Amino acid sequence: NAGVMQNPRHLVRRRGQEARLRCSPMKGHSHVYWYRQLPEEGLKFMVYLQKENIIDESGMPKERFSAEFPKEGPSILRIQQVVRGDSAAYFCASSPYGGEPYFGPGTRLTVT
Amino acid sequence: ELKVEQNPLFLSMQEGKNYTIYCNYSTTSDRLYWYRQDPGKSLESLFVLLSNGAVKQEGRLMASLDTKARLSTLHITAAVHDLSATYFCAVGSETSGSRLTFGEGTQLTVNP
């Protein structure tokens, strides 16, 4: 059973470009969570999704950030018009409902 | 709003010594996780604690949970250099699915 997969593992974008981060949950998991980790800090919750639904987006910045988890395919975290402050590691976790979350390897975004 | 505080944030210790990392949280929770993170890596799950008085041990690490005091501890026995890493506690609740609130992390350095 493959674990949570994230791609790309490293992403470099210039200021103003768009970043798309993908997360494929573990087989059988229908709940996906995105977290952001700024350098030297802990993980901060961003958004919680089920298939085709956003359950909790209380941690998402109001502008430029969006997330989706379509019926088919991976969950996508999209950052439009990236700025230097978006440079961080973005982790995805998946779980069955109420179960232990399993974390992916992360995508390290660098904005130049 | 759930708050999770760890202390100390930085810990430098000698090989062979014992020490404890503390994790306090602000509201009722029914699950607590401890993770290890090496630089540039993802999170490695160490312990899941689900009930008051739970104690789990793996090698030189032992974790406990006191839900009444809203406190978990991670005890390190006879530290070795390989334990050098950042340790996070994270708190969840059944009502929030598997969304976790993380502490700031404890950066542990074990010196020869």
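In this report, we go over the structure that sits alongside the text.

Cut-offs applied
Residues numbered from 1 in each chain as written. Chains lettered and ligands numbered in written order. Predicted model: local features only at pLDDT ≥ 70, side-chain atom pairs only at ≥ 80, totals over all residues. Heavy atoms only, no water. Helix = DSSP H or I, 4+ residues; strand = E, 2+ residues; numbered from the N terminus. Disulfide = S-S within 2.5 Å. Buried < 20%, exposed > 50% of the residue type's maximum accessible area, 1.4 Å probe, protein only. Polar contact = N/O pair within 3.5 Å; in protein donor to acceptor, adjacent residues only side chain to side chain. Contact = heavy atoms within 4.5 Å. Buried area = accessible area lost by both parts, 1.4 Å probe. Salt bridge = Lys/Arg side-chain N within 4 Å of Asp/Glu carboxyl O. Nonpolar A, V, L, I, M, F, W, Y, C, P; charged D, E, K, R; others polar. Phe/Tyr/Trp six-rings, centres within 6.5 Å; stacked < 30°, edge-to-face > 60°. Pairing = 2+ DSSP bridges. Axes fitted to C-alpha atoms, helices over the stretch in contact; angles between N-to-C directions.

### Quick look at unusual backbone geometry
Residue Pro-8 of chain A is bonded to the preceding Asn-7 of chain A through a cis peptide linkage, with omega at -5°. For the bond from Asn-7 of chain B to Pro-8 of chain B, the omega torsion is 0°, close enough to zero to count as cis. Turning to its location among the elements, Pro-8 of chain B is positioned in the loop between β1 (4–7) and β2 (10–14). With a phi close to 65°, Glu-40 of chain A is a non-glycine residue in the positive phi region.

### Structural notes on the state of the cysteines
Tallied over the full model, the rule gives two disulfides over all chains. There is a disulfide in this structure between Cys-23 of chain A and Cys-92 of chain A, and the S-S distance comes to 1.7 Å. The S-S bond linking Cys-23 of chain A to Cys-92 of chain A shows a torsion near -45°; that makes this disulfide left-handed. Of this pair, Cys-23 of chain A sits in strand β3 (residues 19–24) while Cys-92 of chain A sits in strand β9 (residues 88–95), and the two are 69 residues apart along the sequence. Of the residues examined, Cys-92 of chain A reaches a relative accessible area of 0% and is grouped as buried. Each disulfide pairs two cysteine sulfurs, and for Cys-23 of chain B the partner residue is Cys-89 of chain B, the sulfurs being separated by 2.0 Å.

### Focus on the environment of Val-4 of chain A
Mapping Val-4 of chain A onto the fold places it in the segment before β1 (5–7). In this structure, the C-alpha to C-alpha distance between Val-4 of chain A and Pro-25 of chain A, residues 21 residues apart in sequence, is 4.8 Å.

### Concerning the side chain of Thr-20 of chain B
Residues and elements named next belong to chain B. Mapped onto the fold, Thr-20 is located in strand β3 (residues 19–25). Polar contacts involving the side chain of Thr-20 include one to the side chain of His-75, which spans 2.7 Å. Excluding residues within four positions of it along the chain, Thr-20 makes contact with Pro-8, Thr-73, Leu-74 and His-75.

### Notes on the interface of chain A and chain B
Listed per partner, the contact involves 23 residues of chain A and 21 residues of chain B. At the boundary of chain A with chain B, total buried surface from both sides reaches about 1500 Å², with 51% on carbon and sulfur atoms. Considering only the surface of chain A that becomes buried against chain B, Leu-43, Glu-100 and Phe-103 of chain A emerge as the three largest contributors, covering 28% of it. Across the chain A-chain B interface, the total number found is one salt bridge. Of the charged contacts in the structure, one is a salt bridge between Asp-56 of chain A and Arg-99 of chain B, with a shortest N-O distance of 2.7 Å. For the interface between chain A and chain B, the tally reads 11 residue pairs in polar contact (both at pLDDT 80 or more). Residue assignment for the side of chain A that touches chain B shows that the elements contributing at least two residues are β4 (31–37), β5 (43–50) and β9 of chain A. Residue composition of the side of chain A that touches chain B, grouped by class: 11 nonpolar, seven polar and five charged.

### Comments concerning the side chain of Gln-37 of chain B
Here Gln-37 of chain B lies in strand β4 (residues 31–37). Only 2.9 Å separates the side chain of Gln-37 of chain B from the side chain of Gln-37 of chain A, close enough to count as a polar contact. Residues in contact with Gln-37 of chain B, not counting those within four places in the same chain, are Gln-37 and Phe-91 of chain A together with Ser-42, Leu-43, Ala-85, Thr-86 and Phe-88 of chain B.

### Description of the packing of aromatic side chains
Enumeration over the complete set of coordinates arrives at nine aromatic pairs over all chains. Arranged with centres 6.0 Å apart and planes meeting at 75°, the rings of Tyr-35 of chain A and Phe-45 of chain A form a pair that is edge-to-face. With Tyr-35 of chain A in strand β4 and Phe-45 of chain A in strand β5, this pair connects stretches of sequence that are 10 residues apart. Under the relative-accessibility criterion, Tyr-35 of chain A is labelled buried at 0%. You can call Phe-45 of chain A buried: its relative accessible area is 9%. Summarising the aromatic geometry, the rings of Tyr-33 of chain B and Tyr-35 of chain B are spaced 6.1 Å apart at their centres and angled 20° between planes, so their arrangement reads as stacked. By relative accessible area, which is 2% here, Tyr-33 of chain B ends up buried. Members of the aromatic cluster, joined through ring pairs, are Tyr-35, Phe-45 and Phe-103 of chain A together with Tyr-33, Tyr-35, Phe-88 and Phe-102 of chain B.

### Some points on the sheet that holds β3 of chain A
Residue and element names in this part refer to chain A. One open sheet holds the four strands; their spatial order is β1-β3-β8-β7, and the pairing between them is antiparallel. Lying at the two open borders of the sheet, with one neighbouring strand each, are β1 and β7 (65–68). Strand after strand, the sheet turns through a mean of 15° between neighbouring axes, direction not considered. In the sheet, β3 pairs with strand β8 (residues 75–79) via five bridges, with the strands oriented antiparallel. When the bridges of β8 are listed, Leu-21 appears paired with Leu-77.

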